[in-house]
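Understanding the architecture of this molecule
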2 protein chains.
Amino acid sequence: MPLINNIKVQDVRFPTSLELDGSDAVNVDPDYSAAYLMVTADNGEVGHGLVFSCGRGNEVIAKAIESYGQLLAGRELDDLLSDLGAASKLLVHDSQMRWLGPEKGVSHMAAGAVINALWDMAARRAGKPLWRYLADLPPEKIVDAIDFTHISDALTPQEALEILQGGQRGKEERIRSLEEDGYPAYTTSPGWLGYTDEKVVRLSKEAVDNGFDLIKLKVGGDIDSDRRRLKIVREAVGENVKVAIDANQRWDVPDAIEWLQQLSEFNPWWIEEATSTDDVLGHATIRKAVSPMKVATGEAVHNRIIFKQLLQAEAIDVLQIDSTRVAGVNENLANLLLAKKFGIPVCPHAGGVGLCELVQHFSFFDYAAVSGSLENRYIEYVDHLHEHFAEPVVIRNARYQAPKKPGIGAEMHADSRTRWSFPEGSGWQEVAGQAAVTFN
Amino acid sequence: MPLINNIKVQDVRFPTSLELDGSDAVNVDPDYSAAYLMVTADNGEVGHGLVFSCGRGNEVIAKAIESYGQLLAGRELDDLLSDLGAASKLLVHDSQMRWLGPEKGVSHMAAGAVINALWDMAARRAGKPLWRYLADLPPEKIVDAIDFTHISDALTPQEALEILQGGQRGKEERIRSLEEDGYPAYTTSPGWLGYTDEKVVRLSKEAVDNGFDLIKLKVGGDIDSDRRRLKIVREAVGENVKVAIDANQRWDVPDAIEWLQQLSEFNPWWIEEATSTDDVLGHATIRKAVSPMKVATGEAVHNRIIFKQLLQAEAIDVLQIDSTRVAGVNENLANLLLAKKFGIPVCPHAGGVGLCELVQHFSFFDYAAVSGSLENRYIEYVDHLHEHFAEPVVIRNARYQAPKKPGIGAEMHADSRTRWSFPEGSGWQEVAGQAAVTFN
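Nothing here was measured: the structure is a model prediction, and the numbers come from that model. Within each chain, residue numbers correspond to sequence positions counted from 1 in written order. Think of it this way: whatever chain is written first is A, whatever ligand is written first is 1, and the rest follow in order. Thresholds applied to this predicted model are a pLDDT of at least 70 for local features of residues and 80 or more for the giving and counting of side-chain atom pairs; totals over whole chains, interfaces and linings are not thresholded and use all residues. Each side-chain value is worked out from all heavy atoms of the structure, with water and hydrogens disregarded.

Let us now look at the overall build of chain A. Summing up its helical and strand segments, chain A has 17 helices and 12 strands in all. Taken over the C-alpha trace, chain A has a radius of gyration of 21 Å; the compact-globule value for 440 residues is 22 Å, and the two agree within 12%. Counting only C-alpha atoms, chain A reaches 65 × 55 × 45 Å along its principal axes. Looking at chain A residue by residue over its 440 residues, the buried ones come to 66%. Should any heavy atoms of two residues lie within 4.5 Å, those residues are considered in contact. Taking all contacts inside chain A whose residues are at least 6 apart in sequence as the whole, residues at least 24 apart take part in 74%. Of the charged side chains in chain A, 44 are positive and 64 negative, and the gap between their average positions amounts to 3 Å. Numbering of helices and strands runs from the N terminus; a helix is a DSSP stretch of H or I covering at least four residues, while a strand is a stretch of E covering at least two. The size measure is the radius of gyration over C-alpha atoms, and the globule rule it meets is 2.2 Å times the number of residues to the 0.38 power. Whether a residue is buried, partly exposed or exposed follows from its accessible area with a 1.4 Å probe, protein chains only, as a fraction of its type maximum: under 20%, in between, or over 50%, in that order. Counting rule applied: Lys, Arg positive; Asp, Glu negative; His and chain ends not counted. For charged residues, the charge sits on one atom: NZ in Lys, CZ in Arg, CG in Asp, CD in Glu.

In structure tokens:
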């Protein structure tokens, strides 16, 4: 029986703050980073995982991944892979580590990355990309992987099973359509706050020319430039293109309502992160005030318990899962099923580094075997840093093309990881001393 | 002008899992630990801070403290101490580190410890214990220290100022009474799940003999032993002693309601952490179902935004702040003012290691200058590990006696920190190989 070795962790960072790619009202100078890990077994099997971060602090996530790795080292791989629900609980509910969250922040993201590396090993064993591996699992196995702790008042295992059994009808046909046509994408590339008006307009037109019918702009810097940018973009793309806006938690509840009333004439399709994603009641208040504008959130929602409440409180129209914020595949399965139970579409958050490569699998699986619907559903797409991955996302006709390689999509090229290892990598030596670059 | 040096961090752990002190339905084998730091300046001034944890993972908090320390190193101490509100935001809202929470979990606790060390330096400069330092500050300075981000819909700076101005009336008299008679305590020492019935009864009687009129028992292991323990304790202490119970988030919402209905005949004074402290709506549902039993929570509430919602949703009767869970003194000032605004008593969580020493200052300040009331208010007391601190808490007639030494109460004896440094300390060498002891 193969045994788990010590986990290998790397602190990989890219100096994106040298451009203003990725700049918004809160994240003004991110250096897109990955706390990266490889789980290996003594028989040579390997699984990859990562947590995305914005630069400083990536070393803290890396340290947490090392600590969770110690909970796995020496265990039998087959035992872990045969019950990934139990493997997840082993980490998330560790009686001492739990205090660090519980189930939130650095410790939760780190546990999720280790759990994801185990799913990567399981999918590789099966020779399937994660989305297809999940779609081919019997509904009972999906239910077994989910931790219903603190959500059973909203979703019981029996309800989850019935949703998944319903998702079996027409599954093969939907899988074929995903493999042929892919899944709809929207793009945030035009809309960063750091960009000039000219660049925003040019990139918005290019996005529409490339077939995108939903684009997203960052807002929340100041109201006048938000109105100006929305106006020129709306003029550039016309009324038939959906324009979403994203405030990255910049506002308090009263500010959000006042600000959004001044933007409503430009007909934004959704407002994303209008306020703190901890604020379930605040999101519900804002949604009532700005309807019919849709309210979206989720990239910073730290676990299924907050998503449960956002749904129970009718606080959101769009649920945005993130692939490295929560406790891995298991918890995102819970999030997909909660969304289906409450009839809310999932439009995953992506961008950063690796997030597109990972999160696409959840939407492909959702269409294949959970919601069975593409209505009002898109995966976020940002054209950053894909070249560093073993299987970069492919966008054709503004749609994500189905990933084909076995695994969860987290594998980054070894030479990229070496070159951008922080702080010793050769890439960092070359940019040393330049402005706004992260430190450790 | 004195400049901040690099921060010194120690991973201090005590092998409490060798006893079953501190055992509950979730924390079955804690090794009470402190991620400990000292901020020093080049003029020799020093401030102490710590984050409490349960053992494994303490190294992750220590790493996060080091990272936040790098944001302070080389800055002018006087600038930081003259505006502790700005100093807090410098850490909590760092544009890259923020992604690690935001404002929750490991990163938030670590930022809080660094912020607390700065308050320790400020109070030492003034020659006052923290509670007295805060009580003597003008209301405007308290308001300046508070971050109203994402709570202004519930508490505005103007409302906070008016509350604090009202707290000035009779303040000197209340300060005298605190210095003479102290502040009411309750004790959790009798009620750990790991204790035998005989020990629980004996310790409960001792507590009442020592003047405590509120004791707390851990519940949530299994319903039959919970009923048995509550029955024998109620028989031992009589009807006039308040008995609170604490489930440490063990239950889902439906389980909590069913379980508590089976315990209600023993008239528990409050139920603490009936479910996840992320679950604002769940707490509100439970409170409606179990009234008039009080609902208490807070030791795991990760920031002011969750406390705000617990109050807005009328989900709690008792608000339990913790001294090392949130972003330091600044955020607990916000929590005290939110509680006052909504008319809810604050009964701080304590125990662990150092939590009694730190948190007592907030209740003393609350009575002196915020709520001005002792009604239904107690500070938790657990008799563990006080001997390691420069100023151990003093309990007389079941009341905390006013701390007198300048600072926030976090200073731990250097020899204790050395002996119990993990894993190299001599204490750990002596217990090496014994059961249930933490690893790094």
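Time to look at the sheet that holds strand β1 (residues 8-13) of chain A. Residue and element names in this part refer to chain A. By definition, two strands form a pair when at least two bridges between them are found by DSSP. Pairing is antiparallel in the open sheet, where three strands are placed in the order β1-β2-β3. The open sheet is flanked by β1 and β3 (46-53), the only strands paired with a single partner. In this sheet, neighbouring strand axes are inclined to one another by 20° on average, regardless of whether the strands run parallel or antiparallel. Angles run from 0 to 180 degrees between N-to-C directions of axes, and those axes are lines fitted to C-alpha atoms, restricted for helices to the stretch in contact. Contacts between helix α1 (residues 58-72) and the sheet are confined to β1, β2 (33-40) and β3, with β1 contributing the most and set at about 165° to the helix. On top of the sheet, helix α4 (residues 105-126) reaches β2 and β3; it is set at about 145° to β3, its chief contact.

A few words now on the side chain of T297(B). Along the polypeptide, T297(B) turns up in strand β8 (residues 294-297). When near neighbours in sequence (up to four residues on either side) are disregarded, T297(B) contacts E273(B), T277(B), H283(B), F307(B), L310(B), I316(B), V318(B), L319(B) and Q320(B).

This part covers the pairing of strand β4 (residues 183-191) of chain B. Side-chain positions along a regular strand alternate between the two faces of the sheet. Residue and element names in this part refer to chain B. Of all nine residues in β4, nine are buried; the element is thus mostly enclosed. Relative to strand β12 (residues 399-400), β4 runs antiparallel, the two sharing two bridges. Across the sheet, the residue bridging to Y183 is Y400, located in β12. Across three bridges, the pairing between β4 and strand β10 (residues 379-381) is parallel. Its bridge partner lying in β10, T187 is registered against Y381. Sheet topology places β4 next to strand β5 (residues 214-218); two bridges connect them, and they run parallel. The residue bridging T187 from the neighbouring strand is I215, located in β5. Regarding topology, helix α9 (residues 197-209) serves as the crossover connection from β4 to the parallel β5, and that connection is right-handed. Seen with the strands pointing away from the viewer, any crossover whose path from the first strand over the helix to the second strand runs clockwise is right-handed.

Further remarks concern the sheet that holds strand β1 (residues 8-13) of chain B. Residue and element names in this part refer to chain B. Strand order in the open sheet formed by three strands is β1-β2-β3, and the pairing between neighbours is antiparallel. The open sheet has two edge strands, β1 and β3 (46-53), and neither has a second partner. In this sheet, neighbouring strand axes are inclined to one another by 20° on average, regardless of whether the strands run parallel or antiparallel. Pairing of β1 with strand β2 (residues 33-40), which is carried by six bridges, proceeds in the antiparallel orientation. By the bridge assignment for β2, V9 is matched with L37. The strands that helix α1 (residues 58-72) touches are β1, β2 and β3; relative to β1, the one it contacts most, it runs at about 165°.

Residues and elements named next belong to chain B. Within this document, salt bridges are pairs made up of a side-chain nitrogen of Lys or Arg and a carboxyl oxygen of Asp or Glu, the two lying within 4 Å of each other. For the coordinates displayed, the defined rule picks out 58 salt bridges over all chains. A salt bridge links K216 to D246, with the shortest nitrogen-to-oxygen separation between them at 3.7 Å. Here D246 lies in strand β6 (residues 242-246) and K216 lies in strand β5, a separation of 30 residues in the sequence. Of the two residues examined, K216 and D246, each falls in the buried class.

The next subject is the relation of the copies chain A and chain B. What sets the superposition is a least-squares fit of C-alpha atoms, and only residues with pLDDT of at least 70 in both copies go into it. Between the two copies, chain A and chain B, the superposition gives an RMSD of 0.0 Å; the rotation angle is 180° and the shift along the axis is 0.0 Å. Expressed as a symmetry operation, the mapping of one chain copy onto the other fits a two-fold axis. Minimal C-alpha separation from the rotation axis in chain A is found for G105(A), amounting to 2.3 Å. Mapped onto chain B, 100% of the interface residues of chain A are again interface residues, and the two copies thus contact each other with one and the same surface.

All right, on to the domain arrangement of chain A then. Residues and elements named next belong to chain A. Structurally, chain A comprises domain 1 (4-136) and domain 2 (171-415). Computed over C-alpha atoms only, the centres of domain 1 and domain 2 are separated by 22 Å. Counting residues at the interface gives 45 residues for domain 1, matched by 54 residues for domain 2. By definition, the buried area sums, over both parts, the 1.4 Å-probe accessible area that each loses when the two are put together. When the area that domain 1 buries against domain 2 is broken down by residue, the three leading residues are F14, L50 and W131, summing to 18%. The interface formed by domain 1 and domain 2 holds three salt bridges in total. A salt bridge links E103 to R304; the nearest nitrogen and oxygen atoms lie 2.5 Å apart. Whenever two N or O atoms come within 3.5 Å, that pair is a polar contact, provided that in protein one can donate a hydrogen and the other can accept it, and provided that, for residues adjacent in sequence, both atoms are side-chain atoms. Counting the contacts that link domain 1 with domain 2 gives 18 residue pairs in polar contact (both at pLDDT 80 or more). Looking at the side of domain 1 that touches domain 2, the elements with two or more residues in it are β2, β3, α3 (84-92), α4 and α5 (130-136). Here the element with the most residues in the side of domain 1 that touches domain 2 is α4; it accounts for 10 residues. An automatic or database domain assignment is the source of the domain bounds shown.

Another point: the UniProt feature "domain: Mandelate racemase/muconate lactonizing enzyme C-terminal" (unreviewed entry) in chain A. UniProt positions are given in the numbering used here, feature names are shortened, and annotations may be inferred rather than shown by experiment. As annotated by UniProt and renumbered to match this structure, "domain: Mandelate racemase/muconate lactonizing enzyme C-terminal" (unreviewed entry) occupies residues 197-293 of chain A. Split by type, residues 197-293 of chain A is 52% helix and 13% strand. Its first and last C-alpha atoms lie 24 Å apart.

In this section: the packing of aromatic side chains. Stacked, edge-to-face and tilted are the three classes for Phe, Tyr and Trp ring pairs, Trp counted by its six-membered ring, which pair at centre distances within 6.5 Å; planes under 30 degrees apart are stacked, over 60 edge-to-face, the rest tilted. In total, this model carries 28 aromatic pairs over all chains according to the counting rule given. Between Y186(A) and W270(A) the ring centres are 5.2 Å apart and the planes differ by 90°, which places this aromatic pair in the edge-to-face class. Taken as a pair, Y186(A) in strand β4 (residues 183-191) and W270(A) in strand β7 (residues 270-272) lie far apart in primary sequence, 84 residues in all. You'll find Y186(A) and W270(A) in the same group, each marked buried. With 5.9 Å between their ring centres and 40° between their planes, Y183(B) and F364(B) make a pair best called tilted. With Y183(B) in strand β4 and F364(B) in helix α15 (residues 355-370), the pair connects residues that are 181 residues apart, well separated along the chain. Aromatic rings pair up to connect F14(A), W420(A), F422(A) and W428(A) into one cluster. The positively charged end of K199(A) is found above the aromatic ring belonging to Y195(A), 4.0 Å away from the centroid. Sitting over a ring, as applied to charges here, requires NZ of Lys or CZ of Arg to be within 6 Å of the ring centre and within 35 degrees of the ring normal.

On the side of chain B, 66 residues touch chain A, which itself brings 66 residues to the contact. In total, chain A and chain B occlude about 5,400 Å² of area from one another, counting both sides; carbon and sulfur atoms represent 54% of this. Ranking the residues of chain A by area buried against chain B places Q96(A), W99(A) and L100(A) at the top, with a combined share of 17%. Between R56(B) and D94(A) there is a salt bridge, with its nearest N and O atoms 3.0 Å apart. Remark: the boundary between chain A and chain B carries 42 residue pairs in polar contact (both at pLDDT 80 or more).

Now for α3(A). All names here are of chain A. Of all the positions in α3, only L84, G85, A87, S88, L91 and V92 are classed as buried. Projected down its long axis, α3 carries its buried residues within an arc of 160°, all on one side. Residues of α3 that are buried in the fold lie against α1, α2 (77-82), α4, α6 (139-145) and α14 (328-342). Our arc is simply the arc of the directions from the helix axis toward the C-beta atoms.

The next thing to look at is the environment of N43(B). Residue and element names in this part refer to chain B. Secondary-structure assignment places N43 in the loop between β2 and β3. For N43, a relative accessible area of 42% puts it in the partly exposed group. Spatially, the C-alpha atom of N43 lies 18 Å from that of P406, the residues being 363 residues apart in sequence. Polar contacts involving the side chain of N43 include one to the side chain of E45, which spans 2.7 Å.

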